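Below are the chains, spelled out letter by letter.
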Amino acid sequence: MKNLANFLMIFRSQTLLLIILAYAFSVICRFEWIYWASDYAEFFWNNQLMISTNDGYAYAEGARDMIAGFHQPNDLSYYGTPLSTLSYLVVKFSPFSLETVMVYLSVFLAGFVVIPIILMAKEVSLTSAGFIAALVASIANSYYNRTMAGYYDTDMLIISLPIFTFWGLVRLSVKRDLRSFLIIAFSMLISSWWYPSSFSLNAAITGFFLLYTLIFDRKNILNYQAILFMILAITGVEYFVRALLIVALFLFIKFGSRFINLKTMIILAILVGSIFVFFGGLNPIWFQLKFYVFRSVSDSDGVVFKFFNVNQTIMESGIVDFGLFAKRISGHEIVFLISVIGYALLCLKNRIFLVALPMIGLGFLALKGGLRFTIYAVPMMALGFGYALISLVNLIKIDKKQRKIALYLISIFTFLPIVILGLVQLGSGVMIDEFKLILPIFVITYFLFYLKFRKDISAMLLFPLSLFALCPSFVHVYEYKPLSVFMNSEVLVLDRLKKIAQPEDYTLAWWDYGYAIRYYSDTKTLIDGGKHLGKDNFAVSFALANNQVKSAKMGRLEVEYTEKSYTDKFNSNLKEMLKDYNATNINDFLLNLGELNITTPKTRDVYYYLPDRMMGIFPVVAKFSRLDLLSGKEYADPFFIVSTSFMQGPNAIVLSEGLTIANDVTTVSFSGKTFRVNTYVQTMYDKDMKLQKQVHNIDENGRFYVVYMTDYGRFLVMDKEAFNSAYIQLFVLENYDKELFEPVILDPSAKVYKLKG
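Residues numbered from 1 in each chain as written. Predicted model: local features only at pLDDT ≥ 70, side-chain atom pairs only at ≥ 80, totals over all residues. Heavy atoms only, no water.

## Topic: the side chain of Asp155
As for its placement among the helices and strands, Asp155 is situated in helix H9 (residues 155-158). At 2.6 Å, the side chain of Asp155 forms a polar contact with the side chain of Arg146. Setting aside residues up to four positions removed in sequence, Asp155 forms contacts with Arg146 and Thr147. (Helix = DSSP H or I, 4+ residues; strand = E, 2+ residues; numbered from the N terminus. Polar contact = N/O pair within 3.5 Å; in protein donor to acceptor, adjacent residues only side chain to side chain. Contact = heavy atoms within 4.5 Å.)

## Some points on the nonpolar core
If you look at the biggest cluster of nonpolar residues, it comprises 230 residues, and the most contacted ones within it are Tyr57, Tyr152, Phe209, Phe353, Trp510 and Tyr608. Excluding residues within four positions of it along the chain, Tyr608 makes contact with Leu508, Ala543, Ser551, Ala552, Gly555, Leu730, Phe741, Lys751, Val752, Tyr753 and Leu755. (Core = buried A, V, L, I, M, F, W, Y, C linked by side-chain atoms within 4.5 Å. Buried < 20%, exposed > 50% of the residue type's maximum accessible area, 1.4 Å probe, protein only.)

## A closer look at the pattern of salt bridges
Under the definition given, this model contains 28 salt bridges. The salt bridge partner of Arg613 is Glu490, with a shortest N-O separation of 2.8 Å. Placement of the pair is Arg613 in the loop between strand E7 (606-611) and helix H31 (618-623) and Glu490 in helix H25 (residues 488-500), with a sequence separation of 123 residues. For Glu721, the salt bridge identified is with Arg626, shortest N-O distance 2.5 Å. Taken together, the residues Glu721 in helix H32 (residues 720-723) and Arg626 in the loop between H31 and strand E8 (640-643) connect sequence positions 95 residues apart. A network of salt bridges, in which partner residues are shared, links Glu61, Arg64, Asp65, Arg518, Asp522 and Asp528. (Salt bridge = Lys/Arg side-chain N within 4 Å of Asp/Glu carboxyl O.)

## Description of a nonpolar patch on the surface
A cluster of nonpolar side chains, contributed by Phe208, Leu210, Leu211, Leu214, Ile215, Phe216 and Leu357, occupies part of the molecular surface with about 560 Å² of accessible area. Tallying contributions element by element places helix H12 (residues 199-216) first for the nonpolar patch, with six residues. Along the chain, Leu210 turns up in helix H12. (Patch = residues over 30% accessible without salt bridge, like charges linked within 9 Å, V, L, I, M, F, W, Y side chains within 5 Å. Areas by Shrake-Rupley, 256 points an atom, 1.4 Å probe, with all protein chains shown as cover.)

## A word on helix H28 (residues 548-568)
For H28, which comprises 21 residues, the first-to-last C-alpha distance of 29 Å matches the rise-based estimate of 30 Å (1.5 Å per residue) to within 8%. At the N-terminal boundary of H28, the capping side chain belongs to Asn547, with an oxygen 3.1 Å from the backbone nitrogen of Val549. Following H28 by one or two positions, Lys569 has its phi on the positive side, about 60 degrees. (Expected span 1.5 Å × (residues − 1).)

## Brief notes about the environment of Ile183
By the secondary structure assignment, Ile183 is in helix H11 (residues 179-194). A sequence separation of 19 residues divides Ile183 from Phe164, and the C-alpha atoms of the two residues are 7.1 Å apart.

## Focus: unusual backbone geometry
If you check the backbone angles, Asn47 has positive phi at about 60 degrees while not being a glycine. Here Asn47 lies in the loop between strand E1 (44-45) and strand E2 (48-49). Judged by relative accessible area, Asn47 falls into the exposed class, the value being 76%. We note that Arg176 has phi near 55 degrees; this positive angle belongs to a residue other than glycine. Considering the arrangement of structural elements, one finds Arg176 in the loop between helix H10 (160-175) and H11. Residue classification places Arg176 among the partly exposed residues on the basis of a relative accessible area of 42%.

## Topic: the state of the cysteines
Counted according to the given criterion, the structure contains zero disulfides. Here Cys471 stays free of any disulfide, with the sulfur of Cys29 as its closest cysteine sulfur at 12 Å. (Disulfide = S-S within 2.5 Å.)

Right under this line is the structure:
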C-alpha cells in the first residue's frame, strides 16, 4: 500500500488539476464540430450524427457484428479488432447506441494525450511547460483533424500510447525505479494491440533507447532491463502471453535482485531476443517504407502483372510543402520554429528526450511521405514549445515598482485579440455563437489566473503568449468542418439495398465507399479502405470505366473468383481467369472480354453502387485499369471534364475549367482549338423523380459529348470512351442494357443496379 501511495503521488493536487483542465480544454474544443453539424439534417441517421471518416465504418461494422454475435465468412469484417471491441463494450455496458459511440468516442479519448505530456514534464520539473504543451498538442491541426468528433478511427489513441512510453522512459531516467518498467512495457503492449502497425515506431524507440544507453548511460543496468521489457512488448506472441512474460520478468527482477549479474543479463537478453526473432522480426517495417516512401514502385502481382499504385492518388500520403507541414504540427510556422528550438534546448538539458527522435522523425517524414505522418511530431514539438516559452519568460525580470504597469500591459495584450474579434462581429452585425459562449469562460479563467499569479510577472506572461500560440489552432478548429462521409439520402439508398440484397451478395463500388457500404447495406464488397492496392482496384475500375458488356463480365468474374480464392487459396484472380479460359496474354484477354463466353457458375447476386459523389474522381477511378499490365505503361486518360462553375457569354457558355461551349452546343473550344460535338444530352427529373432526357445527335464524327445535368447544375464534357462507360451510362443517363442490368434503386444521390448474368 505504501508503494501504491507513493506511485499515486504523481497525481498531487496541482498536477491533477492541470491534467483535468487540459483534458477539459481538449474535450470542449472537439464539441465545435458537433455544434456546427447538428444544424444539418443530411448529416443525421437514426437520430444521430454520422461520422466523417471512411475508415471508421470498418470498425463500426466490426462492432455491429460483435453486438449481433456473428458475421459472414470472408466478409472482411473487423470483428474483434481493438476499436470495434472497445465500442462493443461501451455499447453493451452503457445506455449509448453504437451510432453515438462512433461520434463521441474520439472526443473523450483524444484528450488522454494531455496526461503523459504533463506527467513527463513533471518528472523533469517542467510542469508548467507540460501544461502549455498539453494545450497546444490537444488541438494542433493534424491531431485535431484525426481525433475530432465524428472521426471514428484508431488515431484517437495512437499518439497517446507512445507518449505514455516516453513518460515511463523519462521517469526511469529520473527516479530509476522498477515501476517505470511496467509503464514502459504495458504502454507499448497496449499500443501494439490497439494499432499493430505501431510495431515500426515501437521498434525504433527501443533501438534509440539502446543507442542512448550505450552513449550516455551505459553503466545503468536498469536501462538494459527496460530494453528487455520493450522487446517483449513488441514480440509477436499473443498479447496475453506477452503480458504474462512482462509480469514474470518484472517479478524476477524485483524479487530476484540477488541473482542479477552480467551472466544473468546475457542469458535474459538471448532468451528475449530469440523469442522476438522467432515470433516477429522486422517484416512489417519493409511494407510501410515501400508503400509510403518508395512510392515510385508500382504494385506488382508477382513478376507478371504491373498495376497502378494507389498511393499516388491519396492526398494524405502525398508530398507537402513546409508551410502546410509546420501548420499541421504546431498550428503556425512561427510556433513550429519556436518548438524546434525549444525541443533542441530541452534535449541539451535532459538528453533522455533524444529518445523521442524516432517519433519526431516519423512526423517529419511528412515532407516526403505525406500529411498522415505529421500527427506523430505533435506532442514532442508541443513540449518543445512549452519549454521554450518557460525559458523565455524566466529571462524577463521586472522591477517591483513597474509590476503594476506590467500587469496592465499584460492584461491589455491578453484581451486585445478578444476585443478585436468582438468589434469585427459587432461591425458585421453577426455574433458567432461560440464567441458568446467562450467569452465568459475566458474572462473567468483569466481572472482566476490573475488572482493566482499576479505577483509573478513571468507566470502572468505565459497566459497571453500561450493564447497567441493557440489562436491559429482555434481558428482551424472553427473553420475545419468536414462533412459526414455519406449524406442521409445516400444512406437511405444503402438501407433500402440492405432490405433487398442478401449478406452473401456483393456490392461493386469504388474503395472509398467500401466500408460504409458494408456497414449500412450488410453486403460484401470487393475493395475498401484497407484493400485497395492496384491489383485489388483493377477489376472494379475496369467494370466502372468500360462499356456495359465488358463491365458486366468483369464484375461477375471478379466476384466469383474472389469467393473462389478464399477456398482455393490463389493470389491473383486475373491469373486464374487466364488459366481457366485458356488465355495466355492478359492484354488480349481484356481487349476481347466483351466477346468472351462466361462459363463461370453464378453463386450470388452482384449489385453496382453508383454514387453521384464519384463524379469528381471518375478520371482517377479509370486510371487503375488504363494501363498495359505486362509493361506497366499507362494509357492516355479519357477526356472528362466536370463543371459546376460556368457563365453565359454572348456566343458561348464559358466553363471555369477553360472550355467554352457554343450556345447551340455544336462545338466546344479549348486550348485555342474548336471541336465538333457528337451528341448533346440534357437530363432532368420530373415531379415523380423520374429521369427525363433530351438527346440531340449533332455530328456522328464529332469527338466530344456534352451532358447538362439540369438538377445538379453541372456540365459534363467527355470523349466517346468516357461517354460509353458503365458509370456514365448507368448513373448519368440510366441507359442500361436490359439483358445485363436491372435497376434496383434510382435516386439522384446514388443508383443501384443488379447484374443479371
